[in-house]
Amino acid sequence: MARYILGRIGGLAFVLVAVSIVTFALTRAVPGDPFASGERQVPAATQAARAAKYGFDKPLWRQYLNYMGSALHGDFGVPFQSPTRTVTQLIADTWPVTIKIGLGAILIAYPLGILLGTIAATHRNGPIDYAVTFVASLGLVLPNFVVATWLILLFAVRLGWFPSGGWGTPQHLVLPILAYSLGPMALVARYVRTCLVDTLDADFVRTARAKGLSDRRVLSGHVARNALIPFITVMLPEIPNILTGSIFIEQMFRIPGLGRFFVTSTFTRDYPMIMALVLLVAVVWGFTYLLTDILYTMLDPRIRLR
Amino acid sequence: MADRTNETAPDPIDSREISQRLATLDQRIRRRSVLGGALGLAGLAALGWQTPSAAAGPALQGASLPDDAAPPDEQVFVLPDDPTTDKTPDFYESVYERISQSCFDILSDSLVRLSRNIEIVPGAATKWTASNDGQTWTFNLDPNLMWNDGTPVTARDYIATFQYGADPKHAWDFTWFYQGILKGWDEAIAGKIPLDQLGVHQGADEHELVFETVVPAPYLPAMLLYSPTLQAAALQKNGNGLYNADPATSVSAGPFKITEWTLDQRVVYEKNPDYKGTLQVPVNKVVVKLADPKTWFTMYQNNEIDYMQGPAPADIQVAQQDFPDQIYSGVGDFRTWYLFFDVTKPPFDKLEVRQAFSHVIDRDAIKAKILGPAGIPAYSWLAPGFPAANGQALKSIQNYDVAAGKKALADAGFPDGKGFPNLQMWVRNPVPLDLSVSQALASMLQENLGITIETSNKDQKTFMDALTAKPTEILFGFVSYGMDFLDPFNMLSVWLSGGRHSWSNSQFDDLVKKAASFTGDPAERTKMFQDAEKILVEDVPGVFIYHATPVQFAKPWVKGAVLQPDKNGIKALHWPGYTAMDTVPAELYIGKDAPKGRENM
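Bear in mind that the values here come from a model prediction, so they are computed numbers and not experimental data.

1. Some details on the overall build of chain A
Across its full length, chain A holds 13 helices and zero strands. Shown N-terminal to C-terminal, the secondary structure of chain A runs as helices and strands in the order α-α-α-α-α-α-α-α-α-α-α-α-α. Once the C-alpha set of chain A is aligned to its principal axes, its extents read approximately 85 × 60 × 30 Å. The buried share among the 306 residues of chain A stands at 35%. Counting contacts in chain A only where the partners sit at least 6 residues apart, residues at least 24 apart contribute 73% of the total.

2. Side note on the overall build of chain B
On a plain count of helices and strands, chain B comes out with 17 helices and 23 strands. In chain B, the share of contacts with a sequence separation of at least 24, taken over all contacts with a separation of at least 6, comes to 73%.

3. Thoughts on the packing of helix α8 (residues 203-210) of chain A against helix α9 (residues 215-235) of chain A
All names here are of chain A. Interhelical geometry of α8 versus α9 gives an angle of 150° and a closest axis separation of 10 Å. Taken together, α8 and α9 sit at an angle that is classed as roughly antiparallel. Relative to α9, the crossing made by α8 is right-handed. Taken together, the residues of α9 that come into contact with α8 (itself represented by Phe 204, Val 205, Ala 208 and Arg 209) are Val 218, His 222 and Val 223. When the residues that make up the contact of α8 with α9 are grouped by side-chain class, the tally is five nonpolar, one polar and one charged.

4. Some thoughts on helix α3 (residues 60-72) of chain A
When the terminal C-alpha atoms of α3(A) are compared, their 18 Å separation across 13 residues agrees well with the 18 Å that a helix rising 1.5 Å per residue should span. Phi turns positive one or two residues past the end of α3(A), at A:Gly74, with a value near 85°.

5. What to know about the pairing of strand β11 (residues 285-290) of chain B
All names here are of chain B. Taken across its six residues, β11 has six buried, putting it largely inside the fold. The alternating pattern of β11 places Lys 285, Val 287 and Lys 289 on one face and Val 286, Val 288 and Leu 290 on the opposite face, and all of these are buried. In this sheet, β11 lies alongside strand β1 (residues 76-81) in parallel orientation, the contact comprising six bridges. Within β11, the residue paired with Asp 81 across the bridge is Leu 290.

6. Describing the interface of chain B and chain A
Across the boundary between the two partners, chain B contributes 38 residues, which contact 37 residues of chain A. Of all the elements in the fold, those that place two or more residues in the side of chain B that touches chain A are α7 (296-301) and α14 (460-468) of chain B. With seven residues, α14(B) is the largest single contributor of residues to the side of chain B that touches chain A. Broken down by class, the residue content of the side of chain B that touches chain A amounts to 15 nonpolar, 11 polar and 12 charged.

7. Re the sheet that holds strand β13 (residues 327-329) of chain B
All names here are of chain B. A sheet is described by the order of its strands in space; here three strands give the open sequence β12-β20-β13, paired in antiparallel fashion. Only two strands of the sheet have a single neighbouring strand rather than two, namely β12 (307-309) and β13. Strand after strand, the sheet turns through a mean of 25° between neighbouring axes, direction not considered. In terms of strand pairing, β12 meets strand β20 (residues 551-554) through three bridges, oriented antiparallel. Along β20, the bridge assignment pairs Tyr 307 with Ala 554.

8. Here we look at the sheet that holds strand β16 (residues 423-428) of chain B
Residue and element names in this part refer to chain B. One open sheet holds the six strands; their spatial order is β15-β19-β14-β18-β16-β17, and the pairing between them is mixed. On the outer flanks of this sheet lie β15 (375-377) and β17 (453-458), each paired with one strand and no other. On average, each strand axis in the sheet is inclined to that of its neighbour by 30°, with strand direction left out of account.

9. Here we look at the nonpolar core
The biggest cluster of nonpolar side chains holds 190 residues, and the ones touching the most others in it are B:Ile545 and B:Ile590. Not counting chain neighbours up to four residues away, the residues in contact with B:Ile590 comprise B:Ala69, B:Ala70, B:Glu74, B:Gln75, B:Val76, B:Phe77, B:Val283, B:Trp557, B:Val558 and B:Arg598. A:Ile101, A:Ala136, A:Ile177 and A:Ile242 belong to the second-largest nonpolar core, a separate cluster that totals 45 residues.

10. Focus: the pairing of strand β18 (residues 476-481) of chain B
Residue and element names in this part refer to chain B. In the sheet, strand β14 (residues 336-341) pairs with β18 via six bridges, with the strands oriented antiparallel. Residue pairing in the sheet places Leu 339 in a bridge with Phe 478 of β18. Relative to β18, β16 runs parallel, the two sharing two bridges. The partner of Val 427 across the bridge, within β18, is Phe 478.

Cut-offs used in this document
Residues numbered from 1 in each chain as written. Chains lettered and ligands numbered in written order. Predicted model: local features only at pLDDT ≥ 70, side-chain atom pairs only at ≥ 80, totals over all residues. Helix = DSSP H or I, 4+ residues; strand = E, 2+ residues; numbered from the N terminus. Buried ≥ 20, exposed ≤ 12 C-beta atoms within 10 Å, placed from the backbone. Contact = placed C-beta atoms within 7 Å. Axes fitted to C-alpha atoms, helices over the stretch in contact; angles between N-to-C directions. Parallel < 35°, antiparallel > 145°, perpendicular 65-115°, else oblique. Left-handed = near helix turned anticlockwise from the far one by under 90°. Nonpolar A, V, L, I, M, F, W, Y, C, P; charged D, E, K, R; others polar. Expected span 1.5 Å × (residues − 1). Pairing = 2+ DSSP bridges. Core = buried A, V, L, I, M, F, W, Y, C linked by C-beta atoms within 7 Å.

Shown next, in the form of structure tokens:
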């Protein structure tokens, strides 16, 4: 197992190098000077000075090697958007905020989704199943910014129970976490229902029932464990998505998190920040898949990692 | 909850009223030009390059609170800004990535300010004079000005600030501004001369600041609206001008000091007790909430901010229903929105094609159906009220005349649009209003000329990179420009050869350059600018669509002269906004009808 894990981590290093090359090349290929926001043409002398200041006057391969050399020493540069701090400081300042919202959403979405999915599966094709399916479908088709708008209009503008946005008090957490959790909750509920329904029809469940086991024992001892494998395959990788933030939720609720930088870094051609964010996401995803594979072996002894 | 309407109140943003106000402003400015005092600027020539009289400045001293004001600890003004441009509060650090829509450039005084009546008045400079050739300008600094670390504000601070702006290592995003104007500037930004050879130096004493220009520059005082100074010592200590983004290292000589800057959340300014200048402010604290502009209207409705600008058309409609008495519309930065062409490439190398485009845009319909209070129809470049504006006289050149448009297109070889290439209209980083207007423009051109146009929305950087490339990479687009300083030279210089667009006209260039440096009769100078604008409008490198009259919302408890009609009848918080570049901060206070608990906002 240890060798397998080390091998996977080594593989991840190669993935990161490949991702960094592709990202670096793409950022430079996109038209638009990072500093071309003015109304008039920047004098050629100033353009040259800028190029020298940020190293853009060097060949691309040299720029890349310089970047990677610094990155390997923990220096990911200074974000163009916020030059009073380093990229590392900016991520350290903003990511915990995003994680707080994301964890809140996970803590609501996953348990509630599992509960609703289980109820739906055990009451298959009945009114409860239809009701859960309706709620889940609503959660899936409604974008979170629509949900956020409704929540703000109702609970902030009309009722005045919560602030319309901002950060710093527990009240600021309620509406964004609600808006953010509805989609994942619906997804979890649908997958749990589907996985449980498939497993409930399996031969080994019929056998377990024939042995005289109670429904609860069958569900907890046989069905849930087997249904977890497809569930984990699909739902665990959702977690990095949630933990790296939602641009819509963060912008609408004025949350000072990492989410907006995925968009603003692109629009502002903030090369250092784009590189760091892509590498961060690649690392998080790499470790999530590794964790998923390890969980497989714990749930099903027949699976061996080599 | 939305505020209730005053249903009997007249609509404060009636479009005819705005047009009337602007026309009045236009007439007054023209009249003043003829009399030799246009905005205290062209008038400098006639007055022997002297400072506008002290009477032209506002009565700023002693900002005691009026009877209807909230108590001092409730004097908190809250307004929003966009977090994507919150790199710095200082102009000379970055123009385009600084806080610029809320409270900014307020940590020191500019040499001059814009008054509520849109006139240049003294700021940090108590007076200024020019040499006979108009190339040496001496500004006398207010000796009372102090940094809040106890050191005096001197010419050294302004000199260091200008040197920082010209420093190639800084690579400032606004270096074009002084190109060809300040002595040594072009050479300094190219690193060809040491920064201390820049034409900004100390005069007879440390409170005398001298600017040398390479051409006679009667517009220099107006340009120096953009002169909020950094502190020389702090620049030297920190190595750059970012020190004001951190309250721990910030130093102020302005009416406020920064006490908090929380990333993506808020910036807090508190009154600077050590301020000794002329911009005495009633408000004790300004809270800038950093938030995506799309959320501002909700914040406003929820009383989380006191003021906002740039609402979307849908927001304006809601406001007209719910709180019409809180809507204000001013002249902003005299911005004009226009279609532009690359006149060096077919089909726009043909004047008739450009004329055809200019005749088939129904500006009145755009005004009525889309703009509402946010703009008025434009048929020329200089907006009503701007010095040398001549809109009425030029209106017939690009007038709405579909038959004339069709004929011009046929004369160009494209009868009924046959054979005309399909076009893409580039639109810069559009907000909802821009989307609506650009789609209406495409639709009118298609319908009236029988040609095919699709709009292509581009982000700011892609658009500007392509627009300013030499040669330009945009064949056809829709964009705007607003003034940097209050002189026709500034707006008209956009169209000089080698500038923003590919259009080149030597007669236009000569007239604009000659007028810019003209130190004789102001009326003659105005006439030269007007002749140049006529050439511009007739040759149609741009089709002028509308002059922006930016909409603002302000809560009823935002009080003071700032929201009362100025002497031109315009009722709005004037551009640039809540900054020491103008007199707005001295003329705004919070009324006692404001919700309580403001000190905690």
